[in-house]
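Structure at a glance
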Amino acid sequence: MKITRFEDIRAWQEGRVLVRFVYRVIHESKPFRRDRRLVDQIQGAAVSSMSNIAEGFSRKGNKEFVQYLYISKSSAAEVQSHLYVALDQEYIQETEFRKIYDQAEKVSKLDSAFIKYLDSEIKKSKKSR
């Protein structure tokens, strides 16, 4: 399947799910909502993970796209780290932690697979020159 829009990218689709999970858990926890700094950080990281995939895709060059996928991957890890703070402060339960952590991991793995694919395409195009 040829990808013609960023919405076709599986990593972006799963990033969107990650954003939904993060926003929902914050909405459902009054103590979490009160921690504005943590809320801003975790929401920003989740949105960044999703948005960097779209932004990288719009650049059209594979080398630059890979850089944006690495940022997406890093942002997913940042979400995971912030989740530990939320868990330790008892803003979320272990089940919520695990659900969101695993979703961030899914995004990260999809980013990694896409990076690997794009790197192979970059190498192919260099060989054909």
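These remarks concern the structure in this document. (Residues numbered from 1 in each chain as written. Predicted model: local features only at pLDDT ≥ 70, side-chain atom pairs only at ≥ 80, totals over all residues. Heavy atoms only, no water.)

Regarding its fold elements, the protein chain presents 5 helices and 0 strands. For the protein chain, the sequential pattern of α-helices and β-strands runs α-α-α-α-α. Dimensions of the protein chain, computed from the C-alpha atoms along their principal axes, are close to 60 × 25 × 20 Å. Residues counted as buried form 43% of the 129 residues belonging to the protein chain. In the structure as shown, the protein chain presents an accessible area of about 7800 Å², 50% of it carried by carbon and sulfur atoms. Taken as two groups, the 25 positive and 18 negative side-chain charges of the protein chain have centres that lie 7 Å from each other. (Helix = DSSP H or I, 4+ residues; strand = E, 2+ residues; numbered from the N terminus. Buried < 20%, exposed > 50% of the residue type's maximum accessible area, 1.4 Å probe, protein only. Areas by Shrake-Rupley, 256 points an atom, 1.4 Å probe, with all protein chains shown as cover. Lys, Arg positive; Asp, Glu negative; His and termini not counted. Charge placed at Lys NZ, Arg CZ, Asp CG, Glu CD.)

In this structure, the largest pocket occupies an estimated 250 Å³ of space. Lining the largest pocket are Lys2, Ile3, Thr4, Phe57, Lys60, Gly61, Asn62, Phe65, Phe114, Tyr117 and Leu118. If you list the elements that add at least two residues to the lining of the largest pocket, you get helix H4 (62-88) and helix H5 (94-127). At 3 residues, the largest contribution of residues to the lining of the largest pocket is made by H5. Residues belonging to the lining of the largest pocket are distributed by class as follows: 6 nonpolar, 3 polar and 2 charged. (1 Å grid on protein atoms, 1.4 Å probe; cavity = no way out; pocket = protein on both sides within 12 Å on 5 of 7 lines; lining within 4 Å. Points joined across faces, edges and corners; volume = space filled by probe spheres on them. Nonpolar A, V, L, I, M, F, W, Y, C, P; charged D, E, K, R; others polar.)

Summed over all chains, the structure comprises 8 aromatic pairs. Their ring planes at 80° and their centres at 5.3 Å tell us that Phe65 and Phe114 sit as a pair that is edge-to-face. Taken together, the residues Phe65 in helix H4 and Phe114 in helix H5 connect sequence positions 49 residues apart. A network of ring pairs unites the aromatic residues Phe57, Phe65, Phe114 and Tyr117 as a single cluster. The ring of Phe21 carries Lys99 above its face, with NZ or CZ at 4.3 Å from the centroid. (Phe/Tyr/Trp six-rings, centres within 6.5 Å; stacked < 30°, edge-to-face > 60°. Lys NZ or Arg CZ within 6 Å of the ring centre and 35° of its normal.)

Our next topic: the nonpolar core. For soluble globular proteins, nonpolar side chains are generally found buried alongside one another. Among the nonpolar cores identified, the biggest contains 40 residues, and Phe32, Val79 and Ile92 are the most heavily contacted of them. Those elements giving two or more residues to this core turn out to be helix H1 (10-27), helix H3 (36-58), H4 and H5. Top element by residues in this core is H5. It accounts for 10 residues. Filtering out sequence-adjacent residues up to four positions away, Ile92 remains in contact with Val25, Phe32, Leu83, Ala86, Leu87 and Phe97. (Core = buried A, V, L, I, M, F, W, Y, C linked by side-chain atoms within 4.5 Å. Contact = heavy atoms within 4.5 Å.)

Of note, Lys123 is situated in helix H5. Among the residues examined, Lys123 registers a relative accessible area of 56% and is labelled exposed. Distance in space between the C-alpha atoms of Lys123 and Ile42 is 35 Å, their sequence separation being 81 residues.

What follows deals with the packing of H4 against H5. Their axes nearest at 9 Å, the elements H4 and H5 cross at an angle of 165°. If you check the angle between H4 and H5, you find them roughly antiparallel. The interaxial crossing formed by H4 with H5 has left-handed handedness. (Axes fitted to C-alpha atoms, helices over the stretch in contact; angles between N-to-C directions. Parallel < 35°, antiparallel > 145°, perpendicular 65-115°, else oblique. Left-handed = near helix turned anticlockwise from the far one by under 90°.)

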